[in-house]
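# Topology and contacts: notes
Okay, here's what each chain looks like letter by letter:
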Amino acid sequence: MDQTLMTVTPGHLSFDDLRRIYEGPVKFALDPTCRDSIDASAAAIQAILEQGKTVYGINTGFGRLAQEVIPTDRLVDLQRNLVLSHSTGVGPLLGDNIVRLIMVMKAASLARGFSGVRFDVIDALLTFLDHEIYPCIPAKGSVGASGDLAPLAHMTAALMGVGEVRIKGEIVPAEATLKALKLEPLTLGPKEGLALLNGTQVSTALALAGLFEAEKLLAAATLAGSLSLDAAKGTDAPFDTRIHAARGQIGQMEMAASYRALIEGSEIRKSHEDCEKVQDPYCLRCQPQVMGACLDQMRHAAGVLIIEANAVSDNPLVFTETGEVISGGNFHAEPVALVADNLALAIAEIGAMSERRIAMLIDTSISGLPAFLVKNPGVNSGFMIAHVTAAALASENKQQAHPASVDSIPTSANQEDHVSMATHGARRLLRMAENTASIVGIELLAAAQGIEFRHPLKSSKPLEKLFNEIRAVVPAYDEDRFFAPDLEAAKQLVTSGNLRTLFSDALPDIPAAYYDE
């Protein structure tokens, strides 16, 4: 596969960079100006050893064993043993896209010159990326404090020729892969194993993946909600600029503008301007308020995650100006844990509102459409059970949305007595996003079916374009048929991100663009 060369100055990864890494392989080159900082940091570690000083993480044990001083001739063993003993992950393997993000962020963090590692360590990560060699990292086993220790240990073990890697989709022994490519296994020097294992890169990568998927969901659900509004002959009066300006919530105001732009010019809307209906249900009327709040949460998460993606989060840190090595707690992933919880809430709410609109559309007493959106209801069940699927997924997301960050549990003989749980708090986001993508896909189909019943009247130009995009992958539902392939096609329409691209002019700035300004 052709790869794009990405040259990054450590500390300056952008959302565009991170999204490209998430979406496909990259060749990752560091700005050469960072080399001096890397070398100075490594030299500071060597100076400490030559002076015979005892410093945590360099010549001591770890965690509760920090009081144990390690002889100089055992320092290489210390780092290797650290990696091997911490490789305790379980469960399914993280995807290649997640592993790419982890490796790039780890390399960029180490290259900032606070970690005391040699350039060889960073180069080993870059070499793996160049060859599309992805360490097999089990998804479970980190509590998001003292860094993502177990998963990062599996990453590091692969650099050492231990464990397994995935290359071109095939899982093979790391040692054999290195030999085949004539690459030398990495031998870790003082502090280098600790620097690789400490850090929030796994939690951050998973949270970023959740954010990238949430962007697609927000866009698709905004479009689906607009189409549902027109299919149900709802009013655009609640999107009036003055209403939202009076409240002043930024995301809400921007979302209201999107709904106005999407519905403007609809013949269906004009056909019932003088109807007697007073109010629409909240799933239509309060879309700007709910989706705007979700947008605000996503933007907040984006702000935290772009900082964390560029952060130095291992321990201890080396300050070359003074030669000091200071132990702190940047490995504690609480910032990531909290925004992962916020993203979980946003993803759940996007799905919850979409499910309510599906329920509204199939209810003829509210939408005015044929029962369950099908001709000859009774003989045909139409969207009856498609809605049940959406309801099941929405309810599952509600359970998944429980905050992970409040569930601390002490580890390491109470040395690490408060942990963030950021890793699984972020990992659930992809499962939740997949659920919501299915819900929104079902709504797209239901709304398009509703528009079929409003013909020959047309919707607005943007919504007619959306209707045609839906019909390009799923035909109209004239009578009952095997429905599962249609739901999968609609879900793929959501997860592809194409809708976000096609209708970008009518949608608010996505979080990435907002924070890259």
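Description of the structure in this document. Worth saying up front: this structure is predicted, and the values here are computed from it rather than measured.

Below, the discussion takes up a nonpolar patch on the surface. Among the surface-exposed residues, Met384, Ile385 and Val388 lie close enough to one another that they form a single nonpolar patch of about 240 Å² accessible area. Positionally, Met384 belongs in helix α17 (residues 384–400). Judged by relative accessible area, which is 31%, Met384 ranks as partly exposed.

This part takes up empty space enclosed by the protein. Taken as a whole and judged by the stated rule, the model has 1 cavity of 30 Å³ or more. Lining the largest cavity we find Phe383, Leu445, Gln449, Arg471, Val474, Pro475, Ala476, Tyr477, Arg481, Phe483 and Asp486. Looking at the lining of the largest cavity, its residues break down into 7 nonpolar, 1 polar and 3 charged.

The tally for this structure, following the rule as stated, stands at 19 salt bridges. Among the salt bridges present, the one from Asp16 reaches Arg19, with a minimum N-O distance of 3.7 Å. Of this pair, Asp16 and Arg19 both sit in helix α1 (residues 15–23), 3 residues apart, which is roughly one turn of the helix. Arg19 sits in the buried class, given a relative accessible area of 9%. A salt bridge links Asp486 to Arg481; the shortest N-O distance between them is 2.7 Å. Taking relative accessible area as the criterion, Arg481 reaches 28% and is therefore assigned partly exposed. Within the structure, one salt-bridge network assembled from shared partners comprises Asp16, Arg19 and Glu215.

Following Asn315, the chain continues into Pro316 via a peptide bond in cis, with omega recorded as -5 degrees. As for its position among the elements, Pro316 is in the loop between α14 (287–309) and β8 (317–319). Of the consecutive residues His455 and Pro456, the connecting peptide bond is found in the cis state with omega at 15 degrees. Of note, Pro456 is situated in the loop between α18 (422–452) and α19 (461–471). For Lys191, which is not glycine, the phi dihedral falls at a positive 75 degrees. With respect to the secondary-structure elements, Lys191 resides in the loop between α7 (174–180) and α8 (192–197).

This brings us to the packing of aromatic side chains. Applying the stated criterion across every chain yields a total of 7 aromatic pairs. Residues Tyr22 and Phe212 carry aromatic rings whose centres are separated by 5.3 Å and whose planes lie at 50 degrees to one another, so their mutual orientation is tilted. One end of the pair, Tyr22, is in helix α1; the other, Phe212, is in helix α9 (residues 201–231), and 190 residues separate them in sequence. Judged by relative accessible area, which is 2%, Phe212 ranks as buried. Through a chain of ring-to-ring contacts, the aromatic side chains of Phe15, Tyr22 and Phe212 assemble into a single cluster. In this structure, Arg35 packs its charged tip against the face of Phe119, placed 4.1 Å from the ring centre. Between Lys465 and the ring centre of Phe503, over which it is positioned, the NZ or CZ distance is 5.1 Å.

Rules used throughout
Residues numbered from 1 in each chain as written. Predicted model: local features only at pLDDT ≥ 70, side-chain atom pairs only at ≥ 80, totals over all residues. Heavy atoms only, no water. Patch = residues over 30% accessible without salt bridge, like charges linked within 9 Å, V, L, I, M, F, W, Y side chains within 5 Å. Areas by Shrake-Rupley, 256 points an atom, 1.4 Å probe, with all protein chains shown as cover. Salt bridge = Lys/Arg side-chain N within 4 Å of Asp/Glu carboxyl O. Helix = DSSP H or I, 4+ residues; strand = E, 2+ residues; numbered from the N terminus. Buried < 20%, exposed > 50% of the residue type's maximum accessible area, 1.4 Å probe, protein only. 1 Å grid on protein atoms, 1.4 Å probe; cavity = no way out; pocket = protein on both sides within 12 Å on 5 of 7 lines; lining within 4 Å. Points joined across faces, edges and corners; volume = space filled by probe spheres on them. Nonpolar A, V, L, I, M, F, W, Y, C, P; charged D, E, K, R; others polar. Phe/Tyr/Trp six-rings, centres within 6.5 Å; stacked < 30°, edge-to-face > 60°. Lys NZ or Arg CZ within 6 Å of the ring centre and 35° of its normal.

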